[in-house]
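# Coordinate analysis (summary)
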Amino acid sequence: MSADPANNGPPPGARADWTIDQGWDRYSEAEHQVWITLYERQAALLPGRAADPFLRGLDALDLHRAGIPDFARINEELKRLTGWTVVAVPGLVPDEVFFDHLANRRFPAGQFIRKPEELDYLQEPDIFHDVFGHVPMLTDPTFADYMAAYGKGGQRALGFGHLHNLARLYWYTVEFGLMESADGLRIYGAGIVSSRAESVFALDDPSPNRLGFDLERVMRTPYRIDDFQQVYFVIPALQTLLDVTVGTDFAPLYARLEGAKDIPIAAIEPTDRVFTRGSQAYANAGGRTQAA
Ligand code: PHE
Ligand code: FE
């Protein structure tokens with residue numbers, strides 16, 4: 001995701017487009033070990049939970065090896081598959097910088113890795129979230145096209161003053177999306193697949209609503225950045241997501257949204273396709289603040 005645009009220039013040491021060298025040779029043994037620990041936990045959990053395009057991408061990129069992946073190595077394969085590359089950035093970048101990278105098939109990834117004592121929760125996306133979570137899906141040609149189109153759509157949304165609506169689309173697809181498969185629901189959102197606890201919660205917990213994806217509905221639904229989601233949206237397939245978003249001119253949609261109210265986060269509308277009517281027990285009990 002992206003940072004507050006109020007902060008205009010790149011930080012010292014970063015290029016004009018906010019990229020930096022990954023500095024792969026400078027990771028410590030302890031940092032590589034954090035990657036390996038996280039990788040092994042998720043790799044054991046995700047078969048049967050993550051969507052096929054994600055699992056295929058994970059295999060294709062061979063992200064395990066001996067630790068934190070070298071972007072130069074990943075990029076050879078990724079570029080060949082879908083024309084995408086991963087570029088290193090110091091942290092969150094301004095919206096227009098983020099969209100310009102996406103529109104040009106560059107995925108900005110945090111260079112740093114979380115500390116061993118924060119394996120399960122962190123404030124800012126690190127290299128594990130960005131690379132393990134996001135990059136496997138970028139090996140899928142349909143998803144790759146969607147992300148590039150989203151970058152262009154982001155530039156447009158900024159012009160219309162409707163980034164808050166478009167950001168919800170990103171959140172409920174790229175970060176927290178579910179999709180149907182012949183064997184039931186699967187996760188593909190990077191925020192889920194990179195989190196041990198949410199990989200289970202998103203599919204198995206009776207608390208959240210799981211509703212059919214609808215573009216305008218999603219754009220009217222706020223989201224939580226600090227805890228498990230209260231609602232997940234399910235796409236039938238990546239191709240549907242691409243067709244609906246690329247095939248719709250968002251300008252009239254944004255105009256319509258000016259007069260529309262947000263839908264409360266846990267609400268179910270009469271027009272929703274309901275996969276799960278959630279109990280909201282987790283959120284009602286106070287969520288993360290309530291956990292030990
Ligand atoms: N069709 C969108 C628009 O008119 C652009 C877009 C495509 C946005 C794909 C998100 C994803 O602005
Ligand atoms: Fe992310």
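In what follows, the structure referred to is the one given above.
Let me sum up the structure you'll find in this document. (Residues numbered from 1 in each chain as written. Chains lettered and ligands numbered in written order. Predicted model: local features only at pLDDT ≥ 70, side-chain atom pairs only at ≥ 80, totals over all residues. Heavy atoms only, no water.)

## Some remarks on the environment of Pro 11
Tracing the chain through its elements places Pro 11 in the loop between β1 (2-3) and α1 (29-45). Assessed through its relative accessible area of 29%, Pro 11 is described here as partly exposed. C-alpha separation for the pair Pro 11 and Gly 91, spaced 80 residues apart in sequence, amounts to 9.9 Å. Among residues more than four places away in sequence, those in contact with Pro 11 are Trp 18 and Pro 90. (Helix = DSSP H or I, 4+ residues; strand = E, 2+ residues; numbered from the N terminus. Buried < 20%, exposed > 50% of the residue type's maximum accessible area, 1.4 Å probe, protein only. Contact = heavy atoms within 4.5 Å.)

## Regarding the packing of helix α7 (residues 163-175) against helix α12 (residues 250-259)
One way to put it is that α7 packs onto α12 with a least axis distance of 10 Å and a crossing angle of 110 degrees. Taken together, α7 and α12 sit at an angle that is classed as roughly perpendicular. The handedness of the crossing between α7 and α12 is right-handed. Side by side, α7 and α12 meet where Asn 165, Leu 166 and Leu 169 of the first sit next to Phe 250, Tyr 254 and Leu 257 of the second. Tallied by class, residues from the contact of α7 with α12 come to five nonpolar, one polar and no charged. (Axes fitted to C-alpha atoms, helices over the stretch in contact; angles between N-to-C directions. Parallel < 35°, antiparallel > 145°, perpendicular 65-115°, else oblique. Left-handed = near helix turned anticlockwise from the far one by under 90°. Nonpolar A, V, L, I, M, F, W, Y, C, P; charged D, E, K, R; others polar.)

## Considerations on the coordination of the iron ion (ligand 2)
Four donors placed tetrahedrally about a metal ideally form angles of 109.5 degrees, and six donors placed octahedrally ideally form angles of 90 or 180 degrees. Bound to the iron ion (ligand 2) are the protein donor atoms His 129 (NE2), His 134 (NE2), Glu 175 (OE) and Glu 175 (OE), situated 2.0 to 2.8 Å from the metal. Considering all four donor atoms around the iron ion (ligand 2), angles at the metal cover 51 to 135 degrees and the coordination shape is irregular. (Donors = N, O, S within 2.8 Å, 3.2 Å for Na, K, Ca; no water. Tetrahedral: all angles 85-135°; square planar, octahedral: opposite > 155°, others 65-115°.)

## Quick word on empty space enclosed by the protein
Per the counting criterion, the structure on display carries two cavities of 30 Å³ or more. Taken as a whole, the second largest cavity spans an internal volume of roughly 30 Å³. For the lining of the second largest cavity, the residue count by class is five nonpolar, two polar and no charged. (1 Å grid on protein atoms, 1.4 Å probe; cavity = no way out; pocket = protein on both sides within 12 Å on 5 of 7 lines; lining within 4 Å. Points joined across faces, edges and corners; volume = space filled by probe spheres on them.)

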